[in-house]
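Analysis of the macromolecular model
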Amino acid sequence: MTRNKPNIWKYSLSAVKGIYDAYAVSMINFLRKPVTEEYPEYKRPLPERSRGRIILTRDPDGDERCVACYLCSAVCPTSCISMESAEREEDGRRFAIWFRINFARCIYCGQCEEACPTLAIQLTPDYEFCQYEVLDFVYEKEDLLVDHGGRHPDYNFYRHAGVTEKGDKGAHPDEEEPVNLKSNMP
Amino acid sequence: MWFLGFVILLIKLAAVLGALVLLAVYLVWIERRLLAKFETRLGPNRAGWHGALQPFADGVKILLKEDLIPEGADRFIFMMAPAVVATSALLLFVVVPFGEGFTLWGRRVPMLFTDLNVGLLYVVAISTVAVYGVVLAGWSSNSLYSLLGGIRGAAQMISYELSLGLSLAPVVMMAGSFSLVDIVDAQAAYPFILVQPVGFLIFLVSTMAEAHRLPFDIPEAENELMGGYHTEYSGMRFGLFFVGEYVNMLVLGSLAAVFFLGGWRGPLLPGVVWFVLKVLIVPFLLIWSRAALPRPRYDQLMAFGWKCLIPVALVNIIATGGLMLLFG
Ligand code: SF4
Ligand code: SF4
């Protein structure tokens, strides 16, 4: 046996110190205030961007933002969004006749919000909507639609996209004046 | 008047059994709260005042569970094993004096059931019987996890039984008697912990191993054995193991109180109160250890028992004898 024998005294001392430290640390924790937050009594304020119940928002003019483009439904990993599109009689604007999210399947990943070109679908910090019936988790358009703009109150997709459905050419935010073909001034 | 003595005995039995089981059931709650405190959590605090009804909620839950018996199990042994654990824990309490005794209708009512003149030997013998519960449960479950747990339990409890007995030898030498009453009487002046600190430490460590509590819960090591010898148990049979374990903690606490802390003796307060307070010291230490220490490996555990505790206990006996010869 060429193996070094451990120094028995050093060894025992370190063992005793290890055990003593363990007891000391746990006693220090024993005397500390518990860090537990008691849920129904205390509700931690969640950050604005935390992902909870989903809403469909409106633009500043009060119109529905959703144009029923199916992007959210296509990107949703659990395929829990379904809808049917239609065009409005007066101006041909697209909207969803019905729009349904099954929250029993939603995993609150936020992909739909990322995909939405009109910022219509948004996740909110509200997470307290438990139900006893699984079918109660199926939210229809009436349940989803709110009458505000959510996190982006001033955004209007049609104005930014420069579609002439509302207002004339050049009347949209960040849009350049139309080129005057009859003048050669720069 | 034999009749009166019989009635008194029955009342005493019922009272002590009730108190012991109730205290054991509450110990579960106390442990969960204390353990939570050690981990800066809160623990169960919802059912009743600070969660004080939690044991009953757990009891109802466990009673309503299905009582499963695994296929291929040895049914009779499987069903009896939890009873062995619980009974052997309760039987230990028979010789423990838990108070001063009083006089009722001209009769002396001692606060213990029987003053065996070999009480200490009885304690050591009965606490070994609990091994059978563990081994038989592991064997009869027809499951590898349970079998491993049972084998580990047998090896561990038999080795630590030795150091438990040896740590008590100096107490017997100093008290000059095996009777627990005499041992308490011998501590009228000072508790033995003051002169036998090493013995007390060895007793405490052996106690942890006897009660197979963390850090010595090798027989039920959840992380590796899923629950060890009681893996296959459910419902009230599992509850019986559970209650048995906590009664065992209390009984070992009362033994520590009797052998080292002066039993029911103490100033001001009545004897029973002192006794309960002292009994609760060991469970508190066990819970604290559970929060503080990791579980050793199986071979480390055996090595510690045989190569460290038993030699130290033997040296302790010799030293005590030598000092008693010198001064006594
Ligand atoms: S959050 Fe994710 S899972 Fe839920 S609806 Fe949106 S894309 Fe689907
Ligand atoms: S919510 Fe957005 S992504 Fe989904 S259909 Fe409506 S506009 Fe398209």
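Okay, so let's go over this structure. Because the structure is a prediction, the values reported are computed rather than measured.

Digging into the nonpolar core
Grouped together as the largest cluster of nonpolar side chains are 66 residues, with contacts concentrated most on Leu-180, Leu-255, Phe-259 and Phe-275 of chain B. Counting residues per element, this core draws most heavily on helix H9 (residues 235-260) of chain B, at twelve residues. Each residue touching Phe-275 of chain B, except ones within four places of it in the same chain, is listed here: Phe-93, Val-96, Pro-97, Phe-98, Ser-254, Ala-257, Val-258, Gly-263 and Trp-264 of chain B. The next biggest cluster of nonpolar side chains, apart from the first, holds 23 residues, and it includes Cys-66, Ala-96, Phe-99 and Leu-123 of chain A.

Comments concerning the interface of chain A and chain B
In this assembly, 15 residues from chain A lie in contact with 14 residues from chain B. Taken together, the two surfaces of chain A and chain B that pack against each other cover about 1400 Å², and 64% of this comes from carbon and sulfur. When residues of chain A are sorted by the area they lose upon contact with chain B, Tyr-23, Phe-30 and Pro-34 of chain A head the list and together hold 43% of the total. For the pair chain A and chain B, the interface holds two salt bridges. Summed over the shared surface of chain A and chain B, the result is ten residue pairs in polar contact (both at pLDDT 80 or more). Of the residues in the side of chain A that touches chain B, the class split is eight nonpolar, three polar and four charged.

Considerations on the sheet that holds strand E3 (residues 94-102) of chain A
Residue and element names in this part refer to chain A. Pairing within the open sheet is antiparallel, and its three strands lie in the order E2-E3-E5. Because the sheet does not close on itself, it has two edges, and the strands there are strand E2 (81-87) and strand E5 (138-139). In this sheet, E5 lies alongside E3 in antiparallel orientation, the contact comprising two bridges. When the sheet's bridge partners are listed, Ile-101 is paired in E5 with Tyr-139.

As for the environment of Glu-37 of chain A
All names here are of chain A. Following the sequence through the fold, Glu-37 ends up in the loop between helix H1 (8-31) and strand E1 (54-56). For Glu-37, a relative accessible area of 38% translates into the label partly exposed. The residues touching Glu-37, leaving out its near neighbours within four places in the chain, are Tyr-42 and Arg-44. A polar side-chain atom of Glu-37 sits 3.2 Å from a polar atom in the side chain of Arg-44.

Digging into the packing of helix H3 (residues 75-92) of chain B against H9 of chain B
All names here are of chain B. With their axes 8 Å apart at the nearest point, H3 and H9 run at an angle of 20° to one another. In terms of axis orientation, H3 runs roughly parallel to H9. Where H3 crosses over H9, the handedness of that crossing is left-handed. Residues Met-79, Ala-81, Pro-82, Ala-83, Val-85, Ala-86, Ala-89, Leu-90 and Leu-92 of H3 form the contact with H9, whose participating residues are Arg-237, Leu-240, Phe-241, Gly-244, Val-247, Asn-248 and Val-251.

Quick look at the site of ligand 2
Taken together, Cys-66, Val-67, Ala-68, Cys-69, Tyr-70, Leu-71, Cys-72, Met-83, Cys-116, Pro-117, Thr-118 and Ile-121 of chain A make up the full set of residues near ligand 2. Looking at the shell around ligand 2 residue by residue, the class counts come to eleven nonpolar, one polar and no charged.

Concerning unusual backbone geometry
Located in the positive-phi region is Tyr-70 of chain A, a residue other than glycine, with phi close to 70°. Its location among the elements puts Tyr-70 of chain A in the loop between E1 and helix H2 (71-75). In this structure, Thr-40 of chain B is a non-glycine residue whose phi angle is positive, near 50°. Residue position: Thr-40 of chain B is located in the loop between helix H1 (2-38) and helix H2 (54-64). On the accessibility criterion, Thr-40 of chain B (9% relative accessible area) is buried.

Digging into the packing of aromatic side chains
Two aromatic rings, taken as a pair, are described by how far apart their centres are and by the angle between their planes. All chains considered together, the criterion is met by 22 aromatic pairs over all chains. An angle of 85° between the planes, with centres 4.8 Å apart, marks the rings of Tyr-233 of chain B and Phe-241 of chain B as edge-to-face. Residue class for Tyr-233 of chain B comes out buried when judged on its relative accessible area of 6%. Take Phe-241 of chain B: its relative accessible area is 2%, and that puts it in the buried class. Ring pairing ties together the aromatic residues Tyr-23 and Phe-30 of chain A together with Phe-38, Phe-284 and Trp-288 of chain B, which thus form one cluster. The lysine or arginine in question, Arg-100 of chain A, covers the ring of Trp-98 of chain A, its NZ or CZ lying 4.7 Å from the ring centre. Note that Arg-152 of chain B overlies the ring of Tyr-298 of chain B, its terminal NZ or CZ placed 5.7 Å from the centroid.

How each quantity is defined
- Residues numbered from 1 in each chain as written.
- Chains lettered and ligands numbered in written order.
- Predicted model: local features only at pLDDT ≥ 70, side-chain atom pairs only at ≥ 80, totals over all residues.
- Heavy atoms only, no water.
- Core = buried A, V, L, I, M, F, W, Y, C linked by side-chain atoms within 4.5 Å.
- Buried < 20%, exposed > 50% of the residue type's maximum accessible area, 1.4 Å probe, protein only.
- Helix = DSSP H or I, 4+ residues; strand = E, 2+ residues; numbered from the N terminus.
- Contact = heavy atoms within 4.5 Å.
- Buried area = accessible area lost by both parts, 1.4 Å probe.
- Salt bridge = Lys/Arg side-chain N within 4 Å of Asp/Glu carboxyl O.
- Polar contact = N/O pair within 3.5 Å; in protein donor to acceptor, adjacent residues only side chain to side chain.
- Nonpolar A, V, L, I, M, F, W, Y, C, P; charged D, E, K, R; others polar.
- Pairing = 2+ DSSP bridges.
- Axes fitted to C-alpha atoms, helices over the stretch in contact; angles between N-to-C directions.
- Parallel < 35°, antiparallel > 145°, perpendicular 65-115°, else oblique.
- Left-handed = near helix turned anticlockwise from the far one by under 90°.
- Near = heavy atom within 4 Å.
- Phe/Tyr/Trp six-rings, centres within 6.5 Å; stacked < 30°, edge-to-face > 60°.
- Lys NZ or Arg CZ within 6 Å of the ring centre and 35° of its normal.

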